Amino acid sequence: KLDAGALYHHQKFYLGFSLNSAVETAISGADALSSSSVGDAFTVLAGSKLQVTNTIILHPTLRFIRTSPGTERWSIDTKATFNSNIMLGVMYQRNGLFSGLLELRILENFSLGYSYDHSTGELVDLSNGFHEVSLGVLLSKSSNRSSLIW
């Protein structure tokens, strides 16, 4: 399976496209290859970076996701960064999924995040929500270009 994508990134906005399962190759027998097929799953996204004040930056994003023919969904989210150390975010997905996000930069190259997802749609009877804790690591920082992770 091969996933492929492209991202155009500017200081104030970005546009992206990814094709999931762009090529799938099955192996039959010892080393014979069957024909490849192009997948139907893809994601399109667009976002911007809006400087509100010297210390507050907003990052709105719009996503369209197709996992197979007839299973399309979209989401809209926005994150606010305060003093480059605290990020708060909210997201809404068309199927009734709401999410909240808090991320703190704990050292220059590390961040700690927490998010909570709650469904008001079809999954409301199956779940009380999802919790996620994440640890981010910045491996390299280039002063010549803007960060891909705003």
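Not measured: the values here are computed from a predicted model. (Residues numbered from 1 in each chain as written. Predicted model: local features only at pLDDT ≥ 70, side-chain atom pairs only at ≥ 80, totals over all residues. Heavy atoms only, no water.)

Enquirer: Any chance you could explain the overall build of the protein chain here in plain terms?
Expert: Check the secondary structure of the protein chain and you find zero helices and 12 strands. Secondary structure of the protein chain in N-to-C order comes out as β-β-β-β-β-β-β-β-β-β-β-β. Burial analysis of the protein chain (150 residues in total) assigns 21% to the buried set. Considering only residue pairs separated by 6 or more positions, the protein chain has 23% of its internal contacts joining residues 24 or more positions apart. By element, 60% of the accessible surface of the protein chain is carried by carbon and sulfur atoms, the whole surface being about 10600 Å². (Helix = DSSP H or I, 4+ residues; strand = E, 2+ residues; numbered from the N terminus. Buried < 20%, exposed > 50% of the residue type's maximum accessible area, 1.4 Å probe, protein only. Contact = heavy atoms within 4.5 Å. Areas by Shrake-Rupley, 256 points an atom, 1.4 Å probe, with all protein chains shown as cover.)

Enquirer: For this particular structure, what's the right way to read the pairing of strand β8 (residues 72–82)?
Expert: Side-chain direction in a regular strand flips from residue to residue, so the side chains alternate between the two faces of the sheet. Pairing of strand β7 (residues 56–66) with β8 involves 11 bridges; the strand directions are antiparallel. Pairing of Arg66 across the sheet is with Glu72, part of β8. (Pairing = 2+ DSSP bridges.)

Enquirer: I would appreciate a short explanation of the side chain of His59 in the present structure.
Expert: Structurally, His59 is set in strand β7. Judged by relative accessible area, His59 falls into the buried class, the value being 4%. Here Thr81 takes part through its side chain, which lies 2.8 Å from a polar atom of the side chain of His59. (Polar contact = N/O pair within 3.5 Å; in protein donor to acceptor, adjacent residues only side chain to side chain.)

Enquirer: How should I be thinking about the packing of aromatic side chains in this particular structure?
Expert: What characterises a pair of aromatic rings is the spacing of the ring centres plus the angle enclosed by the ring planes. Counting across every chain of the model gives five aromatic pairs. Considering the side-chain rings of Tyr8 and Phe13, the 5.8 Å spacing of their centres and the 45 degrees angle between planes classify their relative orientation as tilted. Clustering of aromatic rings is evident, with ring pairs tying together Phe17, Phe42 and Phe64. (Phe/Tyr/Trp six-rings, centres within 6.5 Å; stacked < 30°, edge-to-face > 60°.)

Enquirer: Sorry, what's going on with the pattern of salt bridges here?
Expert: Two side chains with opposite charge may pair up if their charged atoms get near one another. Applying the stated criterion to the full structure yields two salt bridges. Arg63 is the partner of Asp77 in a salt bridge, and the nearest nitrogen-oxygen pair spans 2.7 Å. Pair noted here: Asp77 is in strand β8 and Arg63 is in strand β7, with a separation of 14 residues, a long-range link. The exposure class of Asp77 is buried, given its relative accessible area of 10%. Taking the relative accessible area as the measure of exposure, Arg63 reaches 25% and is therefore partly exposed. Residue Arg66 is joined to Glu72 by a salt bridge in which the shortest nitrogen-to-oxygen separation is 3.6 Å. (Salt bridge = Lys/Arg side-chain N within 4 Å of Asp/Glu carboxyl O.)

Enquirer: Explain the environment of Tyr114 to me, please; I cannot follow it from the model alone.
Expert: Along the chain, the position of Tyr114 falls in strand β11 (residues 110–119). According to the relative accessible area criterion, Tyr114 is partly exposed, its value standing at 36%. Taking the C-alpha atoms as reference, Tyr114 lies 9.1 Å from Leu135; in sequence the two are 21 residues apart. Setting aside residues up to four positions removed in sequence, Tyr114 forms contacts with Gly100, Leu101, Leu102, His131, Glu132 and Val133. Within the structure, the side chain of Tyr114 is placed 2.5 Å from the side chain of His131, a separation counted as a polar contact.

Enquirer: Honestly, the environment of Leu102 in this entry has me stumped. Any pointers?
Expert: Among the secondary structure elements, Leu102 is positioned in strand β10 (residues 97–107). It is 9.7 Å that separates the C-alpha atoms of Leu102 and Val133, two residues lying 31 residues apart in sequence. The contacts of Leu102, once residues within four sequence positions are left out, are Ile86, Met87, Leu88, Leu112, Gly113 and Tyr114.

Enquirer: In this structure, what is going on with the pairing of β10? I would like to understand it.
Expert: Examined bridge by bridge, strand β9 (residues 86–93) and β10 share eight bridges and lie antiparallel to one another. Directly across from Val90, in β10, lies its bridge partner Gly100. Linkage of β9 to β10, two consecutive antiparallel strands, is achieved through a turn of three residues, within which Gly96 is found at a positive phi near 90 degrees. Sheet analysis places β10 next to β11, joined by 10 bridges and oriented antiparallel.

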